[in-house]
Amino acid sequence: METVEMNSVSLKRPHSEDDVTNADEIKRQKISEKSETGNDSAQSAETVTGQPDKSLLEDTKNEIIPNEESEEQEDEELEDSDEDGDPESFADMMKHGLTESDVGITKFVSSHKGFSGILKERYSDFVVHEIGKDGRVSHLDDFSVPVDDEDPSEETFTVLSDEDKQRLEELQLLKNKETSVAIEVIEDTKEKRTVIHQAVKSLFPGLETKTEDRDGKKYIIAYHAAGKKALANPRKHSWPKSRGSYCHFVLYKENKDTMDAINVLSKFLRVKPNIFSYMGTKDKRAITVQEIAVLRITAQRLAHLNKCLMNFKLGNFSYKNHPLKLGELQGNHFTVVLRNITGTDDQIEQAMHSLREIGFINYYGMQRFGTTAVPTYQIGRAILQNNWNEVMDLILKPRPGAEKGYLVKCREEWAKTKDPAAALKKLPVKRCCFVIAPGV
């Protein structure tokens, strides 16, 4: 079982005033209007539990962590972003959701009054660092590539044109009927031909190359070495025996879960996702740092991805003889930001003191029941009973709380027609998923 390491340290994560003034001003007004005590604790206080990653959040903040304004823009641009739009929408939705007392959580480990706030309003409010089985916390603090005389030169990554790369990728993935791709050598020297050979073999696993003369010109011919199996099994003969078969690295990612990140990396590397391994999956709506291992992909190729990927950074490369296995980690280290605090300074101090001295019971929380107007356990019960009409109604019926416009229209259509196809048409294509259920 994974454990959680949390230090009761209270500090603030730096933000530009311009980035948060507008959204926070709206929230201050909302809270002050509804507050009965009239205290000023609705300020944009950010209480953090956990030791911050200084090597990441300070040394590389200009290079890696965007400002909050750009984070909000990226949230809106991502297809699968969850809470973009009105800055009040997420908080308003929670006002109509379940509370602890609704699900039988009535006792706490301490007797102080406590305080409330919004957790994970922004994905950057939740920072996770993996703790390996040796107790070492993963940090991204080294972007250097291990020196290896057998690694291809930097020119390997630039010698091929975009058109050549497209044709080679289609050949590698067997997307067309061509059995080979010919690349003309413009500057015909042995050194130039060698670089092209290396580029094809390192960037497109499974392809072999040879040199041919055609009409007095030199061409590098790329072709399949072993058919479809070559893509799933990276080249064995080109990997130095003295080097560990697995390249381990630290992956920093924003607003992506682990499997999504692996799929992105495999797409850019043109390999199958199953050659990657990791110790645990990390939250999507968060900034996370974890160790990943990949079979027979050089650190040089991985480091090159830092130039073309957004919201990802790779570093701390090393070669080892073993992959990673799920569950091998000791746990995770969390740095958490709470926003829109409603409570006095004394209440906040008492709560932080209790967390530091007493701790908390790592047991069932609200995430096990759902925090929206329709509890997830009601949906689960209907599924177990094979009552699929009730399942669909619970998911699709109108519910209180702020939601995006297309969801409101979808629910209204369902309430009016009970026609799932008509309700589906109210959703944008990128938001649709299809579930096949018995009897529906």
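Scroll up to find the structure this text is about.
Keep in mind it's a predicted model, so treat the numbers as computed, not measured.

Asks: Hey, could you run me through the pattern of salt bridges in this one?
Replies: Side chains that differ in sign of charge can pair as their charged atoms come close. Considering all chains together, one arrives at 16 salt bridges under this definition. The residue Lys 120 makes a salt bridge to Asp 283 at a minimum N-O spacing of 3.6 Å. On the criterion of sequence distance, the pair formed by Lys 120 in the loop between β3 (116–119) and β4 (126–131) and Asp 283 in the loop between β9 (276–278) and β10 (287–295) is long-range, its members being 163 residues apart. Assessed through its relative accessible area of 19%, Lys 120 is described here as buried. With a shortest N-O distance of 2.7 Å, Asp 393 and Lys 418 are connected by a salt bridge.

Asks: What is the right way to look at the sheet that holds strand β7 (residues 217–224) in this model?
Replies: What links the strands of a sheet is backbone hydrogen bonding, and the strands pair in either a parallel or an antiparallel sense. Spatial strand order, β5-β7-β6: three strands in an open sheet with antiparallel pairing. A strand with exactly one partner marks an edge of an open sheet, and here the two such strands are β5 (180–184) and β6 (207–214). Strand-to-strand twist in this sheet, taken as the mean axis angle between neighbours without regard to direction, amounts to 25 degrees. Sheet topology note: the β6/β7 ladder contains eight bridges and is antiparallel. In the strand pairing of β7, Asp 213 is matched with Lys 218. Here helix α5 (residues 162–172) sits on the sheet in contact with β5, β6 and β7, set at roughly 160 degrees to β5. Along the sheet face, helix α6 (residues 190–203) touches β5, β6 and β7 and points at about 145 degrees away from the line of β6.

Asks: Explain the packing of helix α12 (residues 388–396) against helix α13 (residues 405–417) to me, please; I cannot follow it from the model alone.
Replies: For any two helices packed against each other, the geometry comes down to the angle between their axes and how far apart the axes lie. Across the interface, α12 lies against α13 with an axial gap of 9 Å and an inter-helix angle of 140 degrees. In terms of orientation, α12 and α13 fall into the oblique class. Note on element contacts: α13 touches α12 through Cys 410, Arg 411 and Trp 414, opposite Met 392, Asp 393, Ile 395 and Leu 396. When the residues that make up the contact of α12 with α13 are grouped by side-chain class, the tally is five nonpolar, no polar and two charged.

Asks: What exactly am I supposed to notice about α12 here?
Replies: Among all positions of α12, only Trp 388, Val 391, Met 392, Leu 394 and Leu 396 are buried. Next to the buried residues of α12 lie α11 (376–384), α13 and α14 (420–424).

Asks: Is there a simple way to explain the nonpolar core in this structure?
Replies: If you look at soluble globular proteins, the nonpolar side chains tend to sit buried side by side. Formed by 24 residues in total, the largest nonpolar core has its most connected members in Phe 249, Phe 276, Val 294, Leu 302, Leu 314 and Phe 317. Leave out the neighbours within four places in its chain, and Leu 314 touches Leu 140, Phe 143, Phe 249, Val 250, Leu 251, Leu 265, Leu 302, Leu 305 and Asn 306. With 16 residues, the next largest nonpolar core counts Val 181, Ile 183, Val 185 and Val 195 among its residues.

Asks: I keep staring at the side chain of Ser 245 and nothing clicks. Help me out?
Replies: Along the polypeptide, Ser 245 turns up in the loop between α7 (229–232) and β8 (246–254). Here Ser 245 is in contact with Trp 239, Val 294, Leu 295, Arg 296, Lys 320 and Asn 321, once residues within four sequence places are set aside.

Asks: I tried to follow unusual backbone geometry on my own but got confused; where do I start?
Replies: Glycine aside, the phi torsion of most residues is negative, and most peptide linkages are trans. Look at Asp 215: it is not a glycine, yet its phi comes out positive at around 55 degrees. Judged by its relative accessible area of 80%, Asp 215 is exposed. Positive phi is not limited to glycine here, since Asn 311 has a value of about 65 degrees. Considering the arrangement of structural elements, one finds Asn 311 in the loop between α9 (299–304) and β11 (312–320).

About the criteria used
- Residues numbered from 1 in each chain as written.
- Predicted model: local features only at pLDDT ≥ 70, side-chain atom pairs only at ≥ 80, totals over all residues.
- Heavy atoms only, no water.
- Salt bridge = Lys/Arg side-chain N within 4 Å of Asp/Glu carboxyl O.
- Helix = DSSP H or I, 4+ residues; strand = E, 2+ residues; numbered from the N terminus.
- Buried < 20%, exposed > 50% of the residue type's maximum accessible area, 1.4 Å probe, protein only.
- Pairing = 2+ DSSP bridges.
- Axes fitted to C-alpha atoms, helices over the stretch in contact; angles between N-to-C directions.
- Contact = heavy atoms within 4.5 Å.
- Parallel < 35°, antiparallel > 145°, perpendicular 65-115°, else oblique.
- Nonpolar A, V, L, I, M, F, W, Y, C, P; charged D, E, K, R; others polar.
- Core = buried A, V, L, I, M, F, W, Y, C linked by side-chain atoms within 4.5 Å.

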